[in-house]
Amino acid sequence: MLGYPAQALARVHEALALAHALSQPYSLAFARCVAAMVSQFRRDVRAVHAQAEAAVALATEQGFTLWGALGASLQGWALAVQGQGEEGLAQICQGIATARSTGAVVAVPYLCTVLADVCDHLGHPDDGLQALAEAHTLVEQHEERWWEAEVYRLRGVVLLGQPGTPQAEAEACFQRALDVARRQEAKALELRAAMSLSRLWQQQGKRTEAHALLAPIYGWFTEGFDTADLQDAKALLEALA
């Protein structure tokens, strides 16, 4: 979240190595799920699939219902992004339902955004907005705000995909996401919000404003230039220049 994707990946590898060394199945299932999440933050689809698949296999073998549900949801996201849309969507929905059946609420807002992302990808905006509304409710109820900026940003993205939606409504979502990310000093999420708002301004002909918004946050980063977000940001800046 703080904008150090290379260090995040290194910590994930350390965690996996430690879990293997300890020979604790529960710790390994937990580490696999976190590895899948960090890979999803980095938009590394192959890594998400590999780690989530391993987490599901271990969790199923050991009876770790929650980790199995989280892994299945992320595996579903990877499947959907790789072209198996409806199968992936069904797996995410089942994963969220299973997680909630345990009484867990931690990370459910995040999983709702994973669902919304796939719904948008598949052209199901109403289902995406419903998932984001649930995420927002849970964020407000339980104060789990580490992914709050993405809840707002994705709402703007999904709204823009609906014919007839006023652009000002989506713009307000992007601005709210930007405000939340800046307040939390979540540079990774600030970059995403800035990109979404810059793309909208680009469509509106406000190229100078879009470049002025995106350039400083992109320039802040010192690592992770191989990640999809930073590559997209660089390409967008070049298009706006």
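Definitions and limits used
Residues numbered from 1 in each chain as written. Predicted model: local features only at pLDDT ≥ 70, side-chain atom pairs only at ≥ 80, totals over all residues. Heavy atoms only, no water. Phe/Tyr/Trp six-rings, centres within 6.5 Å; stacked < 30°, edge-to-face > 60°. Helix = DSSP H or I, 4+ residues; strand = E, 2+ residues; numbered from the N terminus. Buried < 20%, exposed > 50% of the residue type's maximum accessible area, 1.4 Å probe, protein only. Contact = heavy atoms within 4.5 Å. Salt bridge = Lys/Arg side-chain N within 4 Å of Asp/Glu carboxyl O.

Draft legend 1. The arrangement of the packing of aromatic side chains in detail. Counted by the stated rule, this structure contains 12 aromatic pairs. An angle of 80° between the planes, with centres 5.0 Å apart, marks the rings of Tyr26 and Phe64 as edge-to-face. On the criterion of sequence distance, the pair formed by Tyr26 in helix α2 (residues 25–41) and Phe64 in the loop between α3 (45–62) and α4 (65–81) is long-range, its members being 38 residues apart. For the ring pair Trp146 and Trp147, a centre distance of 5.5 Å and an interplane angle of 45° mean the geometry is tilted. Owing to a relative accessible area of 5%, Trp147 belongs among the buried residues under this scheme. A connected cluster of aromatic rings, assembled from ring pairs, spans Tyr26, Phe30, Phe64 and Trp67.

Draft legend 2. Examining the environment of Glu171 more closely. As for its position among the elements, Glu171 is in helix α9 (residues 167–184). Taking C-alpha positions, Glu171 is 32 Å from Glu87, a pair spaced 84 residues apart along the chain. Not counting residues within four places of it along the chain, the set of residues in contact with Glu171 comprises Leu197, Leu200, Trp201, Gln204 and Lys206.

Draft legend 3. View of the pattern of salt bridges. Here the structure, examined in full by the defined rule, presents 14 salt bridges. Asp229 is the salt-bridge partner of Arg192, the closest N and O atoms lying 2.7 Å from each other. Of this pair, Arg192 sits in helix α10 (residues 187–203) while Asp229 sits in helix α12 (residues 228–240); the two residues are 37 residues apart in sequence, bridging distant segments of the chain. No difference in accessibility class separates Arg192 from Asp229, as the two residues are buried. Among the ionic contacts, a cluster of salt bridges with common partners joins Arg43, Glu150, Arg153, Arg192, Asp229 and Asp232.

Without other data, these values stay purely geometric and don't point to any function.
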